[in-house]
Amino acid sequence: MKKKVLLRGLFGITLGITISYLITIITSLIYGQGYYSPCVPQFIDYVGSEIGAVILQTVLSGLLGSVFAMASIVWEIEHWSIVKQTGIYFVCTSLAMFPIAYITGWMEHTVMGCLIYFGIFVIIFVFIWMVQYFIWKHKIEAINKNIHG
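Parameters and conventions
- The numbers attached to residues start from 1 for each chain and follow its sequence in the written order.
- Totals for whole chains, interfaces and linings use every residue, but because this is a predicted model, local features are given only for residues with pLDDT of at least 70 and side-chain atom pairs only at 80 or more, for both listing and counting.
- Side-chain descriptors were evaluated using all non-hydrogen atoms of the structure, hydrogens and water having been removed beforehand.
- The salt bridge criterion pairs a side-chain nitrogen of Lys or Arg with a carboxyl oxygen of Asp or Glu, the two atoms within 4 Å.
- Where helices and strands are cited, they refer to DSSP runs of H or I of at least four residues and of E of at least two residues respectively, numbered from the N terminus.
- In protein, a polar contact means a hydrogen-donor-capable atom and an acceptor-capable atom, both N or O and within 3.5 Å, with residues adjacent in sequence counting only if both atoms are side-chain atoms; elsewhere, any N or O pair within 3.5 Å suffices.
- Contact definition: two residues touch when any of their heavy atoms are within 4.5 Å.

(A) A look at the pattern of salt bridges. Per the stated rule, a full pass over the model turns up two salt bridges. Note that Glu 76 and Lys 4 form a salt bridge whose closest N and O atoms lie 2.9 Å from each other. Taken together, the residues span a long stretch of sequence, with Glu 76 in the loop between α3 (50-71) and α4 (82-104) and Lys 4 in helix α1 (residues 2-31) at a distance of 72 residues. With a closest N to O distance of 2.0 Å, Arg 8 and Glu 76 form a salt bridge. Of the two residues, Arg 8 is situated in helix α1 and Glu 76 in the loop between α3 and α4; the sequence distance between them amounts to 68 residues. Bridged by salt links that share partners, the residues Lys 4, Arg 8 and Glu 76 form one connected network.

As structure tokens, this is what we get:
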């Protein structure tokens with residue numbers, strides 16, 4: 001299992017960086033007025049240079065992707081309930097997501113900004129969880145139908 005977690009973590013690094021890069025492209029298309037904006041301007045100011053901010057954001061995005069990927073191992077622990085799996089996955093990903101989002105300036109540095117970011121995170125988490133749940137429910141029903149049909 002340790003090998004599987006490590007391999008997922010390595011794959012997660014590239015996935016996290018890729019997703020982060022795609023998000024910067026999308027946000028630049030929406031808000032950039034024709035320019036590419038690789039980082040939040042406040043983060044660039046905090047780090048001291050654009051290249052430094054991009055490098056740090058890339059490392060943190062890779063770390064974030066790695067945590068999400070490694071934490072996904074909980075879905076394979078069959079003797080845990082779905083509630084326990086979901087709770088542990090949510091806690092693991094939240095503990096990585098929020099410090100990184102705060103450091104990089106992906107959320108406003110106010111109580112309201114943190115609450116809004118957390119709310120958006122929960123909504124996205126629940127949406128993805130529900131989609132996955134219904135996909136697997138449908139697959140299991142199809143398997144059962146084939147067995148009994």
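(B) Spotlight on the side chain of Ser 28. With respect to the helices, strands and loops of the structure, Ser 28 is situated in helix α1. A distance of 2.8 Å separates the side chain of Ser 28 from the backbone nitrogen of Ser 37, its partner in a polar contact. If sequence neighbours within four positions are ignored, Ser 28 has contacts with Gln 33, Tyr 35, Tyr 36 and Ser 37.

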